[in-house]
Amino acid sequence: MTGPEPVTLVTGSAGEIGANLVRELVRRGDRVVTVDLRPGREGSGALAHFAGDITDPALWNAFGARYLPRTTFHLAAVLSTHAERSPTLAHRVNIEGTARLLRLARDAGSAANPARFLFPSSIAVYGFPSRSRKAAAGNVREDEHLDPATLYGQQKLYIERLGAALERERPGLDFRAVRFPGLISCDTVPQGGTSDWAPELLHAAARGEPCAFFVRGDARLPFCAMPDAVRGLLQLAGSDRANLRRTAYNLGGSSFSADEVIARVRRDFPDVRVHRALDEERDRIVASWPGAVDDGAARRDFGWAPAHDRETLFSRYLIPGIRARYRRTRDEPSVAEVR
Ligand code: AKB
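None of these values were measured; they are calculated from a predicted model.

A few points about the site of the ligand
Item 1. Lining the immediate environment of the ligand, one finds Leu79, Ser80, Ser122, Tyr152, Gly193, Thr194, Ser195 and Trp289.
Item 2. At 2.9 Å from a nitrogen atom of the ligand is found a side-chain nitrogen or oxygen belonging to serine 195.
Item 3. Calculation on the ligand without its partners gives an accessible area of 250 Å², and the protein chains cover 91% of this total.

Right, dumping it as structure tokens:
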């Protein structure tokens, strides 16, 4: 073959969404190249893995010498709690790193055949000044309450707008974003997020460990099962551009308060030990995010339909999956650790 090989690029491939997404892309027959700070996983099916920092130009020079990112899933990010605590790092990764990848993708595309760029945005783009305003808002639509309280939410919103602007400026880029709710997986625990309280509790319960619970009992967020989230991202990636009426789409989830999650986890793990360890900063972040979102646009435009509702999320996915997962292995790091 002459010139760089067209591939599907996945950054943050070793993270929560990445590991699931790569498996699915490989299963579909995509030629996948992965990038992550961590080493590649044996048997992942990826053509190649680049271990390193997405802000390192040398990494992209080495990548560009061999590959052309025809589709990019840019999952590498500094999540919300981590971003608030390390703003310089968050700017470097979430803004500078992403802007570089957007340009790389645009250069890989053409007017006739634009390169697709899938960006995982977040409910963090929304912002409520008070718990009462949040409670009154109901299911939030894409164009409402776009006043993010966190640096992370501001960065997500800025990249949504930058992607759309770069696409308008010069042909070559086809930019699409989903705004994920809190994600919950039976296999992995996220790191550095603020919606982590639910997955941390569930995994601690399954491991028989105590959980330091950092939000108030009435803290409410929407949560989506990881397989549904990956399916939604792939549906958006695969849809015909003519059907897409927005740049960024809400993906919905089942809305749970913290106390409701504790009660639901207790049904299957009655011995779960929850230590209330309120973290005011993280609780305030949750209070600024919507308790529920309206995902009607995603349902209409690209057929988004999560397989799980609030009961089957636990009974068919999380509980059986997590029991199997901890039967298989007991050597993961402590999930009760607050990062
Ligand atoms: C986080 O908590 O930072 C993420 C998110 C909601 O974007 N899970």
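Having seen it, we continue.
Looking at helix H4 (residues 87–108)
Item 1. Across its 22 residues, H4 extends 30 Å between first and last C-alpha, which sits within 8% of the 32 Å expected from 1.5 Å per residue.
Item 2. Among the residues making up H4, those that are buried are Ala90, Val93, Asn94, Ile95, Gly97, Thr98, Ala99, Leu101, Leu102, Ala105, Arg106 and Ala108.

Topic: the pairing of strand S6 (residues 173–180)
Item 1. Counting buried positions along S6 gives eight out of eight residues, so the element sits mostly inside the fold.
Item 2. Burial along S6 is two-sided: the residues Leu173, Phe175, Ala177 and Arg179 and Asp174, Arg176, Val178 and Phe180 are all buried.
Item 3. Direction of pairing for strand S5 (residues 115–122) relative to S6: parallel, over a ladder of eight bridges. Within S6, the position partnered with proline 120 by the bridge is valine 178.
Item 4. Bridge count between S6 and strand S10 (residues 248–250): three bridges; the pairing is parallel. For alanine 177, the partnering residue across the bridge sits in S10 and is alanine 248.

Observations concerning the pattern of salt bridges
Item 1. Going through the model one piece at a time under the given rule, you end up with 29 salt bridges.
Item 2. In this structure, arginine 131 engages aspartate 283 in a salt bridge whose closest nitrogen and oxygen atoms are separated by 2.8 Å. Of this pair, arginine 131 sits in helix H5 (residues 131–137) while aspartate 283 sits in helix H10 (residues 280–288), and the two are 152 residues apart along the sequence.
Item 3. Between aspartate 218 and arginine 216 there is a salt bridge, with its nearest N and O atoms 2.9 Å apart.
Item 4. Under the relative-accessibility criterion, aspartate 218 is labelled partly exposed at 46%.
Item 5. Each of the salt bridges in this network shares a partner with another, and the network as a whole consists of Arg116, Glu167, Asp174, Arg176 and Arg241.

Observations regarding the nonpolar core
Item 1. Membership of the largest hydrophobic core comes to 100 residues, with the highest contact counts inside it found for Leu21, Phe73, Trp197 and Leu233.
Item 2. With residues near it in sequence (within four places) discarded, phenylalanine 73 still touches Thr8, Leu9, Val10, Thr11, Leu21, Leu25, Leu118, Leu233, Leu234 and Ala237.

Notes on the sheet that holds strand S11 (residues 254–257)
Item 1. Taken in spatial order, the three strands of this open sheet run S7-S9-S11, and their pairing is mixed. Looking along the sheet, the strands with just one partner apiece sit at the ends: strand S7 (182–184) and S11. Going across the sheet, the axis of each strand differs from the next one's by a mean of 45°, ignoring polarity.
Item 2. Of the strand pairs in this sheet, strand S9 (residues 220–225) and S11 are connected by four bridges, and their pairing is antiparallel. Each bridged residue has a counterpart across the sheet, and for phenylalanine 223 the counterpart in S11 is serine 254.
Item 3. Sheet contacts for helix H9 (residues 258–268): S9 and S11; angle to S11, the most-contacted strand, approximately 95°.

Remarks on unusual backbone geometry
Item 1. At histidine 145, a position not held by glycine, the phi torsion is positive, near 55°.
Item 2. As for its placement among the helices and strands, histidine 145 is situated in the loop between H5 and helix H6 (151–169).
Item 3. Under the relative-accessibility criterion, histidine 145 is labelled partly exposed at 33%.

A few points about the packing of aromatic side chains
Item 1. If you walk through the whole model with that rule in mind, you get 10 aromatic pairs.
Item 2. With 6.3 Å between their ring centres and 85° between their planes, phenylalanine 50 and tyrosine 67 make a pair best called edge-to-face. Of this pair, phenylalanine 50 sits in strand S3 (residues 48–51) while tyrosine 67 sits in strand S4 (residues 67–74), and the two are 17 residues apart along the sequence. Here phenylalanine 50 matches tyrosine 67 in class, with each residue buried.
Item 3. With centroids separated by 5.9 Å and ring planes inclined at 20°, the aromatic side chains of phenylalanine 117 and phenylalanine 175 adopt a geometry described as stacked. One end of the pair, phenylalanine 117, is in strand S5; the other, phenylalanine 175, is in strand S6, and 58 residues separate them in sequence. For the pair phenylalanine 117 and phenylalanine 175, one class covers both residues: buried.
Item 4. Taking the ring centre of phenylalanine 256 as reference, the NZ or CZ of arginine 310 above it sits at 4.2 Å.
Item 5. In this arrangement the basic side chain of arginine 325 is found over the ring face of tyrosine 326, its NZ or CZ atom lying 4.2 Å from the centre.

Observations concerning the state of the cysteines
Item 1. Summed over the entire model, instances satisfying the criterion amount to zero disulfides.
Item 2. Distance from the sulfur of cysteine 186, which forms no disulfide, to the nearest cysteine sulfur (cysteine 224) is 13 Å.
Item 3. Cysteine 186 sits in the buried class, given a relative accessible area of 6%.

Some remarks on the sheet that holds S3
The pairing of strands in a sheet happens through backbone hydrogen bonds and is either parallel or antiparallel.
Item 1. Taking strand neighbours across the sheet as the criterion, the seven strands line up as S3-S2-S1-S4-S5-S6-S10 in an open arrangement whose pairing is parallel. Among the strands making up the open sheet, the edge pair consists of S3 and S10. On average, adjacent strands in this sheet sit at an angle of 25° to one another, irrespective of strand direction.
Item 2. Most of the contacts of helix H2 (residues 57–66) go to S3, to which it runs at about 165°, and overall it touches strand S1 (5–11), strand S2 (32–36), S3 and S4.

Criteria and thresholds
The residue numbers shown here count from 1 along each chain, following its written sequence. Residues qualify for local features only when their pLDDT is at least 70, as the model is predicted, and side-chain atom pairs are given and counted only at 80 or more; totals for whole chains, interfaces and linings, by contrast, use all residues. Think of the side-chain values as coming from all heavy atoms in the structure, minus any hydrogens and water. Whether a residue is near a molecule or strand is decided by its heavy atoms; if any one of them lies within 4 Å of it, the residue is near. Polar contacts, as counted here, are pairs of nitrogen or oxygen atoms within 3.5 Å of one another; within protein the pair requires one atom able to donate a hydrogen and one able to accept it, and residues that are adjacent in sequence qualify only if both atoms are side-chain atoms. Throughout, the Shrake-Rupley method with a 1.4 Å probe supplies accessible areas, and for residues the shown protein chains are the sole cover considered. Segments assigned H or I by DSSP are reported as helices when at least four residues long, segments assigned E as strands when at least two residues long, and all are numbered from the N terminus. Between the first and last residue of a helix there are one fewer steps than residues, each counted as 1.5 Å, and that sum is the expected span. Accessible area is worked out with a 1.4 Å probe on protein chains only. A residue is then buried under 20% of its type maximum, exposed over 50%, and partly exposed in between. Two strands qualify as a pair provided DSSP detects at least 2 bridges between them. Here, a salt bridge means any Lys or Arg side-chain nitrogen found within 4 Å of an Asp or Glu carboxyl oxygen. What makes a nonpolar core is a set of buried Ala, Val, Leu, Ile, Met, Phe, Trp, Tyr and Cys residues whose side-chain atoms join them at distances within 4.5 Å. It only takes one pair of heavy atoms within 4.5 Å for two residues to be counted as in contact. Only C-alpha atoms enter the line fits that serve as axes; for helices the fit covers just the stretch in contact. Angles between N-to-C directions range over 0 to 180 degrees. A pair of Phe, Tyr and Trp rings is counted when the ring centres sit within 6.5 Å of each other, with Trp represented by its six-membered ring. The angle between the planes then sorts it: under 30 degrees is stacked, over 60 is edge-to-face, the rest tilted. In this scheme, the term charge over a ring applies when either NZ of a lysine or CZ of an arginine sits within 6 Å of the ring centre and within 35 degrees of the ring normal. Cysteine sulfur pairs qualify as disulfides if the two atoms are within 2.5 Å.

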